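# Secondary and tertiary structure notes
Here is how the chains run, residue by residue.
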Amino acid sequence: MSANDEALIKGLVQQAERAQAAGQREEAKRLLARAEAVAPQHPLVLNALAIDHLQAGNPARARELLDIAIRFDTQNPSLWLNLATALRALDESDAEDNALRRVLRLDPRNLFALLRQAERLERRGKQRAAARAYQTALQTIPPQARLPGILRDTVTHAIECVRRNDAALSEHIESSVRSVRAGHAAADLERADHGLAAFLGARRIYHPQPTFLHIPKLPAYEFYAREQFAWLAEFEAATDEIRAECERALREDAAGVVPYIDYPDELPLDQWAELNKSRRWSAFFLWRDGVRVDAHADRCPRTAGLLARAPTADVRGYAPTAFFSILDRKSHIPPHCGVTNARLIVHLPLVVPPQCRFRVGSQTREWREGEAWVFDDTIEHEAWNDSEIPRAILIFDTWHPALNAGEREMIRTAVPAIKDYYRDEVEFSGSE
């Protein structure tokens, strides 16, 4: 067949398919008849005729046509998939299985074939195997993909089948590990619990994604155990005094409260567009990028004294940073990651109205006034204040406790050197 005839056949078949999809059956038949007159044995023509017979309720004739088409073209997954449809209608299970395997050998991510395989397992009563097969099929669907209408009900059924299986598996696992839970503290099982929850699709496993410096092989927890930071208790005991200093500073030095997000307008702002230069998320800095803000810190002697004794990170031009963070009513800090996992972040809640929550990775918690926590801000995190009044917390950084003295010294030396290298040539920032 000449290249021109090949192009003509493909064009006629495609036009026929579009006409059929638009409900123009007579036009589709006319176009297909033209293609058949030019090349009655062409695989695309035979496939189109077979589809017509399938829709007309004649699977036996469809199978005959597809068998001929496949002799001419064994590498077209659509031919094998349509053959599987005909074989299903003819109740030839083994042959249908073989046709579906041929589809997936040619196109391993073919959603139609994957769903068909799962349906076959379900019809045979293999509900658990079907759920796993449905899950495999669902994983091939890209996020936000628009599914063909013919698949929507099947995909909805697949999702429900997977959900039921996950619930049953979760119950089975829980019954199996009940004796283990009885013998161990919940905190000792947190990592295993997280892994099992991720396996069941109930939680995600988030990894550090520093925007500046990533130190490998450090433990990475969303929230850290309090036992690693004995000095937190001193801050918590002084919560009332710190809160009073915060409120007085904000009242007496309103000009010192600045937007926390303050990027130049010419930079791509991405998730920060709504909060950039906005006082909806603002800060009153006591230390900023390694420099004590004397006018502010002197207003807050109790807070400044505690910070002076705490193991804050200290890197010239970068750390420590300590500030009162004010999140206005009905405000949301979008998901983001911090600059380096060499340091962790401390929150001491001071003023926390109801409906204020904070997510780090797969854990969401509510702040409680006077209860501090430490978290890794290089794991994706976000915050909400859905209340009618502002929320206030003290935030500062501390060295990652797993860093040894040599590593801290290396970071103290190398990070400022990076900034010095670019000085006078580019505007460089390694911190948020």
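Described in the following lines is the structure provided in the data block. (Residues numbered from 1 in each chain as written. Predicted model: local features only at pLDDT ≥ 70, side-chain atom pairs only at ≥ 80, totals over all residues. Heavy atoms only, no water.)

## Section: helix α2 (residues 25-38)
- Given a rise of 1.5 Å per residue, 14 residues ought to cover 20 Å, and the 20 Å separating the end C-alpha atoms of α2 matches this to within 8%.
- Those residues of α2 that fall on the buried side of the exposure criterion are A28, L31, L32 and A35. Across the axial projection of α2, the buried residues extend over an arc of 95 degrees, all falling on one side. Across from the buried face of α2, at angles greater than 90 degrees, the exposed residues are E26 and A37. (Helix = DSSP H or I, 4+ residues; strand = E, 2+ residues; numbered from the N terminus. Expected span 1.5 Å × (residues − 1). Buried < 20%, exposed > 50% of the residue type's maximum accessible area, 1.4 Å probe, protein only. Arc of directions from axis to C-beta.)

## Some thoughts on the sheet that holds strand β5 (residues 331-336)
- Within the open sheet, the four strands sit side by side as β5-β10-β7-β8. Their pairing is antiparallel. The sheet is open, and its two borders are formed by β5 and β8 (363-366), each paired with just one other strand. If you compare each strand with its neighbour and ignore which way they point, the axes differ by 15 degrees on average.
- Relative to strand β10 (residues 381-385), strand β7 (residues 356-360) runs antiparallel, the two sharing five bridges. In the strand pairing of β10, C356 is matched with N385. (Pairing = 2+ DSSP bridges. Axes fitted to C-alpha atoms, helices over the stretch in contact; angles between N-to-C directions.)

## Examining the nonpolar core
- L115 and Y134 are the most contacted members of the largest nonpolar core, which has 45 residues in total.
- Considering each element in turn, this core owes the most residues, seven residues, to helix α5 (residues 77-89).
- Not counting chain neighbours up to four residues away, the residues in contact with L115 comprise Y134, A137, L151, T154, V155 and A158.
- With 26 residues, the next largest nonpolar core counts I242, C246, A322 and L350 among its residues. (Core = buried A, V, L, I, M, F, W, Y, C linked by side-chain atoms within 4.5 Å. Contact = heavy atoms within 4.5 Å.)

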